Amino acid sequence: GNSVTQMEGPVTLSEEAFLTINCTYTATGYPSLFWYVQYPGEGLQLLLKATKADDKGSNKGFEATYRKETTSFHLEKGSVQVSDSAVYFCALSGSGTSYGKLTFGQGTILTVHP
Amino acid sequence: DGGITQSPKYLFRKEGQNVTLSCEQNLNHDAMYWYRQDPGQGLRLIYYSQIVNDFQKGDIAEGYSVSREKKESFPLTVTSAQKNPTAFYLCASSSANWVAGQLTYEQYFGPGTRLTVT
């Protein structure tokens, strides 16, 4: 079956530091890949997505590239802000008749200090 | 404003009682989903529905039930058979889009309901 593995957290950074959160996946066919962000006490917000190999998703300074050869979709940001503190989830939606069901990683807690 | 609403935000129940969580969307999406979130475990799919009057079990359906009588609504009932019902419950919806010859889905989430059973 499909699975998503995220790097162990939590991650603590100083403001303006470089961020990388690793995400690798296992899936058959050609899944779509997503990063979601969750602020305390809220639902999930779609941060970025990629639907095919070598696609780069980007939003609000965050980027992730769909790497089929390494089955990875690592999230990066060049300069984090305190307001980026949240939980980040990597997820995939399988191809074929999966009807958009998402498989999530366990989430990575990011804390950014001033 | 289009979006997904879940009510209430906080819900408290006594053990042995059934409880129904509301989820409404005005995005005209065909598909709707229910997830459960526990600390350190990410999100797990409970039930999903592709069209009205049809739904399928997800990975952890035991102790839960759903209905889909209207496109806009997908209520979840947590029954007394659910052994550990205390959790954060998230509803989502999506529509299917063709992108580069591939059918893709993009899910949008509601704000969640935190259920506490004592």
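Before reading on, note that the structure itself is shown above.
Described below are features of the structure shown in this document. Please read these numbers as outputs of a predicted model, since none were measured by experiment.

What follows is about unusual backbone geometry. The omega torsion of the bond from Ser7(B) to Pro8(B) falls at -10°, within 30 degrees of zero and hence cis. Within the secondary structure layout, Pro8(B) lies in the loop between strand 1 (4-7) and strand 2 (10-13). For Thr71(A), which is not glycine, the phi torsion reads 40° and is therefore positive. Phi at Asn53(B) is positive, roughly 65°, even though this residue is not glycine. Tracing the backbone shows Asn53(B) in the loop between strand 5 (43-49) and strand 6 (56-57).

Turning to the nonpolar core, a few remarks are in order. Of all hydrophobic cores here, the largest spans 25 residues; its most connected members are Leu19(A), Trp35(A), Leu48(A), Phe73(A), Leu75(A) and Tyr88(A). Mapped onto this core, the elements with two or more residues apiece are strand 2 (11-14), strand 3 (19-21), strand 4 (23-26), strand 5 (32-38), strand 6 (44-50), strand 8 (62-65), strand 10 (86-93) and strand 12 (108-113) of chain A. Val19(B), Leu76(B), Val78(B) and Ala87(B) belong to the second-largest nonpolar core, a separate cluster that totals 20 residues.

Cut-off values and rules
Residues numbered from 1 in each chain as written. Chains lettered and ligands numbered in written order. Predicted model: local features only at pLDDT ≥ 70, side-chain atom pairs only at ≥ 80, totals over all residues. Heavy atoms only, no water. Helix = DSSP H or I, 4+ residues; strand = E, 2+ residues; numbered from the N terminus. Core = buried A, V, L, I, M, F, W, Y, C linked by side-chain atoms within 4.5 Å. Buried < 20%, exposed > 50% of the residue type's maximum accessible area, 1.4 Å probe, protein only.

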